[in-house]
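Observations on the three-dimensional arrangement
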Amino acid sequence: MSSSTYKLVCPHCHGRMRIRTSEGQHIFLRIAYLQCTEENCSWSVRAEFQMTHELSPSGEPNPTVNLPRAPKALRQKSWRNPRNDEQQMDFIVELESEEQ
């Protein structure tokens, strides 16, 4: 399994941002406090990270988790791997085809 790290970039100096602290507001919402690591900039900001749509179903579903399924156009945005431009299979479309 490969890991990925979301790179946060300061819009002022284009330096790396770090998450100083964060707090959960809801199972789908986390508030984060960020700061630019460039000493001359040091810009700080409050950010919200929110889960909005299900792109593919969980293999271990939790009945309390209820997000709307993403429309196909939104799922297609997640298919592309920017490193090698390969497309991933759309599991939800496969399931919907099997149900019909």
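One structure accompanies this document, and this report is about it. Worth saying up front: this structure is predicted, and the values here are computed from it rather than measured. (Residues numbered from 1 in each chain as written. Predicted model: local features only at pLDDT ≥ 70, side-chain atom pairs only at ≥ 80, totals over all residues. Heavy atoms only, no water.)

Turning our eyes to something else, we now look at the pattern of salt bridges. Applying the stated rule across the entire model yields 1 salt bridge. Close ionic contact of arginine 46 with glutamate 48 constitutes a salt bridge, the shortest N to O distance being 2.9 Å. (Salt bridge = Lys/Arg side-chain N within 4 Å of Asp/Glu carboxyl O.)

Another point: the state of the cysteines. Inspection of every chain in the model, using the stated rule, returns 0 disulfides. Between cysteine 10, a free cysteine, and cysteine 41, which holds the nearest cysteine sulfur, the sulfur-to-sulfur gap is 3.7 Å. Note on cysteine 10: relative accessible area 0%, which makes it buried. (Disulfide = S-S within 2.5 Å. Buried < 20%, exposed > 50% of the residue type's maximum accessible area, 1.4 Å probe, protein only.)

Before going further, it helps to examine the sheet that holds strand 2 (residues 29-36). The strands making up a sheet associate through hydrogen bonds between their backbones, and the pairing can be parallel or antiparallel. Ordered by their spatial adjacency, 3 strands build an open sheet running 1-2-3, and the pairing between neighbours is antiparallel. Strand pairing shows two members of the sheet lacking a second neighbour, strand 1 (17-26) and strand 3 (44-50), which therefore form its edges. Mean inter-strand twist for the sheet, computed between neighbouring axes without regard to direction, equals 25°. Alignment of strand 1 against strand 2, held across 8 bridges, turns out to be antiparallel. Across the sheet, residue glycine 24 finds its bridge partner in strand 2, namely arginine 30. (Pairing = 2+ DSSP bridges. Helix = DSSP H or I, 4+ residues; strand = E, 2+ residues; numbered from the N terminus. Axes fitted to C-alpha atoms, helices over the stretch in contact; angles between N-to-C directions.)

That is the geometry; function is a separate question.
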